[in-house]
Amino acid sequence: MFLLHEYDIFWAFLIISSIIPILAFVISGVLAPVREGPEKLSSYESGIEPIGDAWLQFRIRYYMFALVFVVFDVETVFLYPWAMSFDVLGVSVFIEAFIFVLILIIGSVYAWRKGALEWS
């Protein structure tokens, strides 16, 4: 029989962790002063008057570098628990992890050949 009272701590944690950010937004919306004017609409550059246009484009290379970093960072997160319990898991899990790493290697070779990893 499935008993729901075993999950009381989980539900309490879920409810409390959902209420705290909502409460923070509501309180800041109520207590925050509302002052509109030209100073509020200007861009802020460390207390210095902005020079030129505040909107400028960044090269896509920065975003590509960040995306490649995130992919390999997530790979590490997925592979670490697998490596810690390698002796308990069977051969099928080893094959799955091997395929996972193979796909990531193919992706990094593709990014390398396309020039996404070149900084200059």
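What counts, and where the lines are drawn
- Residues numbered from 1 in each chain as written.
- Predicted model: local features only at pLDDT ≥ 70, side-chain atom pairs only at ≥ 80, totals over all residues.
- Heavy atoms only, no water.
- Helix = DSSP H or I, 4+ residues; strand = E, 2+ residues; numbered from the N terminus.
- Buried < 20%, exposed > 50% of the residue type's maximum accessible area, 1.4 Å probe, protein only.
- Contact = heavy atoms within 4.5 Å.
- Areas by Shrake-Rupley, 256 points an atom, 1.4 Å probe, with all protein chains shown as cover.
- Phe/Tyr/Trp six-rings, centres within 6.5 Å; stacked < 30°, edge-to-face > 60°.
- pLDDT = per-residue confidence, 0-100.
- Lys, Arg positive; Asp, Glu negative; His and termini not counted.
- Salt bridge = Lys/Arg side-chain N within 4 Å of Asp/Glu carboxyl O.
- Patch = residues over 30% accessible without salt bridge, like charges linked within 9 Å, V, L, I, M, F, W, Y side chains within 5 Å.
- 1 Å grid on protein atoms, 1.4 Å probe; cavity = no way out; pocket = protein on both sides within 12 Å on 5 of 7 lines; lining within 4 Å.
- Points joined across faces, edges and corners; volume = space filled by probe spheres on them.
- Nonpolar A, V, L, I, M, F, W, Y, C, P; charged D, E, K, R; others polar.
- UniProt positions renumbered as here; feature names shortened; annotations may be inferred.
- Axes fitted to C-alpha atoms, helices over the stretch in contact; angles between N-to-C directions.
- Parallel < 35°, antiparallel > 145°, perpendicular 65-115°, else oblique.
- Left-handed = near helix turned anticlockwise from the far one by under 90°.

Caption draft 1: Region of interest: the overall build of the chain. A count of helical and extended segments in the chain gives 4 helices and 0 strands. Put simply, the chain runs from its N terminus to its C terminus through helices and strands in the order α-α-α-α. Counting every position in the chain, which comprises 120 residues, the buried fraction comes to 6%. Within the chain, counting contacts between residues at least 6 apart in sequence, those at least 24 apart form 55% of the total. Only carbon and sulfur atoms are counted for the fraction: they give 73% of the accessible area of the chain, which is about 11,300 Å².

Caption draft 2: Spotlight on the packing of aromatic side chains. Evaluation of the coordinates by the stated rule reveals 3 aromatic pairs. Measuring from centroid to centroid gives 5.1 Å for Phe10 and Trp11, while their planes differ by 65°, and the two rings are edge-to-face. A residue is classified by how much of its surface remains accessible, and Trp11, at 42% relative accessible area, is partly exposed. Considering the side-chain rings of Trp82 and Phe94, the 6.3 Å spacing of their centres and the 25° angle between planes classify their relative orientation as stacked.

Caption draft 3: Summary view of the confidence of the model for the chain. Model confidence for the chain is summarised by a mean pLDDT of 82, while 88% of its residues fall at 70 or above. Here helix H2 (residues 38–41) stands out as the least confident element of the chain, with mean pLDDT 73; helix H1 (residues 8–31) is the most confident, with 93.

Caption draft 4: Seen up close, the side chain of Glu75. Considering the arrangement of structural elements, one finds Glu75 in helix H3 (residues 60–84). Within the buried core, Glu75 has no salt-bridge partner, and the shortest N-O distance to an opposite charge, that of Arg113, equals 18 Å. Apart from the residues lying within four places of it in its own chain, the contact partners of Glu75 are Phe100, Val101 and Leu104.

Caption draft 5: Up close: a nonpolar patch on the surface. Together, Tyr7, Phe10, Trp11, Leu14, Ile15, Ile19, Ile22, Leu23, Val26, Ile27, Val30 and Leu31 make up an exposed nonpolar region whose accessible area comes to about 1,200 Å². As for its position among the elements, Ile19 is in helix H1. With a relative accessible area of 44%, Ile19 lands in the partly exposed category.

Caption draft 6: Just the layout of surface pockets, in detail. For the largest pocket, the calculated volume is near 150 Å³. Listing elements by their share of the lining of the largest pocket, those giving two or more residues are H3 and helix H4 (91–114). Residue composition of the lining of the largest pocket, by class: 8 nonpolar, 2 polar and no charged.

Caption draft 7: Examining the UniProt feature "transmembrane region" (unreviewed entry) in the chain more closely. With numbering aligned to this structure, UniProt lists the feature "transmembrane region" (unreviewed entry) at residues 12–34, 62–83 and 89–112. The span residues 12–34 carries 87% helix and 0% strand; its end-to-end C-alpha distance comes to 35 Å.

Caption draft 8: Quick look at the packing of H3 against H4. Contact geometry for H3 and H4: axes closest at 12 Å, N-to-C directions at 165°. One finds that H3 runs roughly antiparallel with respect to H4. Between H3 and H4 lies a crossing whose hand is left-handed. Taking contact as the criterion, the partners of Val71, Phe72, Glu75, Phe78, Leu79 and Trp82 in H3 are, on H4, Val93, Phe94, Ala97, Phe100, Val101, Leu104 and Ser108.

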